Amino acid sequence: MTLPPGQRAVDGFPRFGTHLHHPPPPVPADPAIEISGPLTETLTLSMAELANMPRKQLDADFHCVAGWSATGLRWEGTAFEPLYRTRIEPLLQSGATISHAVFEGLDGHRAIVLLEDALAADVLIADRLDGQPLNGDHGAPIRLVSPHQYGYVNTKHLCRIEFHTTAPVDPERWSPLAAHRRARVWQEERHRYLPGRFVRPIYRTLIGPIRALSARGSRE
């Protein structure tokens, strides 16, 4: 098994994220994704609508920016690229050219993604993992899966997608741990300003404390 630079395989698939010790957000009675931007109308996609779109299974590892990888995962859901082509593009306002998408979860996490990265063939709006519906620890009821990017792009509990014609303002751009905007795992784009190999030792010291805190909020 070949992993991206600086990654180490772990057993299982630990709960990990900015939520730390907080439990997963409750699943709404009628889960849906609200889609907005320079569109002729706001679009809301229900779980039933997503489930009726062409389905895709994807065998792909999950790579955390801290340096661990969960391997041998099987995701299932709706491929993002055909969803964008069939449901979003026809609604674009005349002359609008989309450059970025912002994926937001029920937990408040937001990931700003270049449209060209979001349209990669392996990007899914996933609702199942290893043959089972997503649980709270891993993003129920639906989440973004972008295997070629670090985990912080893979928004859990997805509830909103905003499309933009220019780069949105990133409130974390001056953070000491400023995450790389593209987050491509094979280029080791961990940090916005520092080479990935320089920040590996720092990030690895955070794995244990963050994993322990995250586990405290688990509902599984």
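Residues numbered from 1 in each chain as written. Predicted model: local features only at pLDDT ≥ 70, side-chain atom pairs only at ≥ 80, totals over all residues. Heavy atoms only, no water.

**Q** Can you explain the overall build of the protein? Please cite residues and give values.
**A** From N to C terminus, the protein includes 4 helices and 13 strands. On C-alpha atoms alone, the protein measures out to a radius of gyration of 17 Å, which is about the 17 Å that the 2.2 N^0.38 rule sets for 220 residues. In terms of overall dimensions, the protein has C-alpha extents of about 50 × 35 × 35 Å along its principal axes. Within the protein, the proportion of its 220 residues that are buried is 50%. Counting only carbon and sulfur atoms, one obtains 54% of the accessible surface of the protein, whose full area is about 10,600 Å². Here the protein holds 24 positive side-chain charges and 24 negative ones, and the gap between their average locations is 7 Å. (Helix = DSSP H or I, 4+ residues; strand = E, 2+ residues; numbered from the N terminus. Rg over C-alpha atoms; globule rule 2.2 N^0.38 Å. Buried < 20%, exposed > 50% of the residue type's maximum accessible area, 1.4 Å probe, protein only. Areas by Shrake-Rupley, 256 points an atom, 1.4 Å probe, with all protein chains shown as cover. Lys, Arg positive; Asp, Glu negative; His and termini not counted. Charge placed at Lys NZ, Arg CZ, Asp CG, Glu CD.)

**Q** Report on helix α4 (residues 196–216), specifying residues and quantitative values.
**A** The end-to-end C-alpha distance of α4, which contains 21 residues, comes to 29 Å, matching closely the 30 Å that a straight helix rising 1.5 Å per residue would cover. Taken as a whole, α4 has its buried residues at Gly196, Val199, Tyr203, Ile207 and Ser214. (Expected span 1.5 Å × (residues − 1).)

**Q** Provide a residue-level description of the nonpolar core, including the pertinent values.
**A** Counting 54 residues, the largest nonpolar core has Trp75, Phe80 and Phe163 as its most contacted members. With sequence-adjacent residues up to four places away left out, Phe163 is seen in contact with Ile35, Ser36, Gly37, Pro38, Phe80, Tyr84, Ile88, Ile98, His100, Ala101 and Leu115. (Core = buried A, V, L, I, M, F, W, Y, C linked by side-chain atoms within 4.5 Å. Contact = heavy atoms within 4.5 Å.)

**Q** Outline the packing of aromatic side chains, listing residues and values.
**A** Evaluation of the coordinates by the stated rule reveals 8 aromatic pairs. An aromatic cluster of three or more residues is present, and its members are Phe13, Phe16, Phe62, Trp68 and Trp75. (Phe/Tyr/Trp six-rings, centres within 6.5 Å; stacked < 30°, edge-to-face > 60°.)

**Q** Break down the environment of Leu213 for me, with residues and values.
**A** Turning to its location among the elements, Leu213 is positioned in helix α4. Through-space distance from the C-alpha of Leu213 to that of His22 is 8.4 Å; in sequence the pair is 191 residues apart.

**Q** Give me the lowdown on the environment of Phe62, citing residues and values where you can.
**A** As for its position among the elements, Phe62 is in strand β5 (residues 62–63). Distance from Phe62 to Ser146, taken between C-alpha atoms, is 8.6 Å for residues 84 residues apart in sequence. Leaving out residues up to four positions away in the same chain, Phe62 has contacts with Phe13, Trp68, Ser69, Ala70, Leu73, Arg143, Gly151 and Asn154.

**Q** Report on the sheet that holds strand β9 (residues 110–114), specifying residues and quantitative values.
**A** Strand order in the open sheet made by the 5 strands is β3-β2-β13-β8-β9, with mixed pairing throughout. Each edge of the sheet is formed by a strand with only one pairing partner; in this case those strands are β3 (43–46) and β9. Strand-to-strand twist across the sheet, computed as the mean angle between neighbouring axes with direction ignored, equals 20°. With 5 bridges connecting them, strand β8 (residues 100–105) and β9 associate as antiparallel partners. Directly across from Glu104, in β9, lies its bridge partner Arg110. (Pairing = 2+ DSSP bridges. Axes fitted to C-alpha atoms, helices over the stretch in contact; angles between N-to-C directions.)

**Q** Break down a nonpolar patch on the surface for me, citing the residues and quoting the values.
**A** Together, Tyr193, Leu194 and Phe198 line one region of the surface with nonpolar side chains, adding up to about 330 Å² of accessible area. Tracing the chain through its elements places Leu194 in the loop between β13 (158–164) and α4. (Patch = residues over 30% accessible without salt bridge, like charges linked within 9 Å, V, L, I, M, F, W, Y side chains within 5 Å. Salt bridge = Lys/Arg side-chain N within 4 Å of Asp/Glu carboxyl O.)

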